[in-house]
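# Fold and contact review
Take a look at the letters that make up each chain.
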Amino acid sequence: MNTKRTLLKTVAAAALATMAMGSAIAADITGAGATFPFPIYAKWAEAYKQATGTGLNYQSIGSSGGIRQIRAKTVAFGATDAPVKGDDLTKDGMVQFPAIIGGTVPVFNVPGFGKGELRVTGPVLADMFMGKISKWNDPRFAALNPGKKLPDLAITVVHRADGSGTTFNWTDYLATVSKDWLDTVGRGAAVKWPAPTSVGGKGNEGVAANVARTRGALGYVEYAYAKRNSISVMALQNKDGNYLMPGDDTFAAAAAGADWFSVPGMGLSIVNQPGANAYPVSTASFILMYKDPANKAESAEVLKFFDWAFKNGKQMALDLDYVPLPDALTNQIRTRVWSEIKNK
């Protein structure tokens, strides 16, 4: 069995079992939000607990839920893949910084075709999600896959039913490559899905499960969830015209030229970046914290956790197909962002 897949299943099962026990276990640090980084946060938490004795209770409830929780001050940090705008950060008295980089991928369930055996361009993908291309043997899709005997099978679009940073990044990409998508649907953590066959799923987990059990399904999930569930992924054409499969190398290529401090709150989009090996739907996941937290001791523990993860968790991230932040960037986060958080 694939070693990475086994590791993903083990980490997720342990983390979900811990979370299911709820308040029976006293957690030292509380966080909530994006499902996108959940596998790596769970792995870091497991290792950090062993190293320091400090626990982390992270609720994988979606980016919108994480923003609501931190604004309600029920957790020490919120996590979101849809970065909060600079004006809102100022109004809320919060800071924001990236913690990990990964990618969102187009997943499908078409009998007879597996991982990387089908390919698609951004504009065609947008039309598939809009319902303008409604069958897998549509001539436009077939032209991208010459020699493949595609079935006369209806496309069922599977999307997030909850407010989601993964959805924000996916629609950000589709809006970047398709003016029709931009004008009709737009970008957002929650959008009105136009395809008449659209089906919702809660979290990356729900979308992955729906795609896996639905013949003809087309969806989008964070890459780790596709691997964990052995769901087929399409090769996606990038800005330079190359068809790429997702992986830590192609995610890293997309993030290589990012100028994080060029945007308030470091809320930079890295979709559709130039570069021969840049995966087109690469993204960062962000952490939200108060500058003047009510519980300064817990807030300080959060910073200790991410400081440890940045220093010691790189290989764990790579094992789960995420890209750790480079040392130069994490050092800037410590000096330029964490220094704004009061600990006394």
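Along each chain, numbering runs from 1 in the same order as the chain's sequence is written. Where totals are concerned, whole chains, interfaces and linings use all residues; where local detail is concerned, this predicted model gives features only for residues with pLDDT of at least 70, and gives and counts side-chain atom pairs only at 80 or more. Only hydrogens and water are set aside when side-chain values are computed; all heavy atoms of the structure are taken into account.

Quick look at the packing of aromatic side chains now. Here the aromatic set is Phe, Tyr and Trp, taking the six-membered ring for Trp, and pairing holds for ring centres within 6.5 Å; pairs whose planes are under 30 degrees apart are stacked, those over 60 apart are edge-to-face, and all others are tilted. A complete count under the given rule lists 26 aromatic pairs for this structure. Arranged with centres 5.6 Å apart and planes meeting at 80°, the rings of Phe-251 and Tyr-279 form a pair that is edge-to-face. With Phe-251 in helix H11 (residues 248–255) and Tyr-279 in the loop between H11 and strand S12 (282–290), this pair connects stretches of sequence that are 28 residues apart. When sorted by exposure, Phe-251 lands in the same class as Tyr-279, which is buried. A centroid spacing of 5.0 Å and a plane angle of 75° characterise the contact between Phe-305 and Phe-306, whose relative ring orientation is edge-to-face. When a residue's accessible area, from a 1.4 Å probe over protein chains only, is under 20% of the maximum for its type it is buried; when over 50% it is exposed; and in between it is partly exposed. The exposure class of Phe-305 is buried, given its relative accessible area of 1%. Judged by relative accessible area, which is 0%, Phe-306 ranks as buried. Put simply, the rings of Phe-38, Tyr-41, Trp-44, Tyr-48, Tyr-58, Phe-77, Phe-97, Phe-305, Phe-306, Trp-308, Phe-310 and Trp-338 pair up and form one aromatic cluster. Cation over ring: Arg-336 sits above Phe-261, and NZ or CZ is 3.9 Å from the ring centre. Secondary structure elements follow DSSP: runs of H or I no shorter than four residues count as helices, runs of E no shorter than two count as strands, and numbering proceeds from the N terminus. Comment: the charge-over-ring label is applied if NZ (Lys) or CZ (Arg) is within 6 Å of the ring centre and within 35 degrees of the ring normal.

Glancing now at the pairing of S12. For S12, the tally of buried residues reaches nine of nine residues, placing the bulk of the element in the interior. Here S12 shows a buried face lined by Ser-282, Ala-284, Phe-286, Leu-288 and Tyr-290 and a second buried face lined by Thr-283, Ser-285, Ile-287 and Met-289. In this description, strands pair whenever DSSP reports at least two bridges between them. Pairing analysis gives three bridges linking strand S3 (residues 77–80) to S12, with the strands arranged antiparallel. Paired with Ala-79 across the two strands is Ile-287, which belongs to S12. By the bridge criterion, nine bridges tie strand S4 (residues 94–108) to S12 in an arrangement that is antiparallel. Among the inter-strand pairings, Ile-101 is bridged to a residue of S12, identified as Ala-284.

The analysis is restricted to geometry; functional conclusions fall outside its scope.
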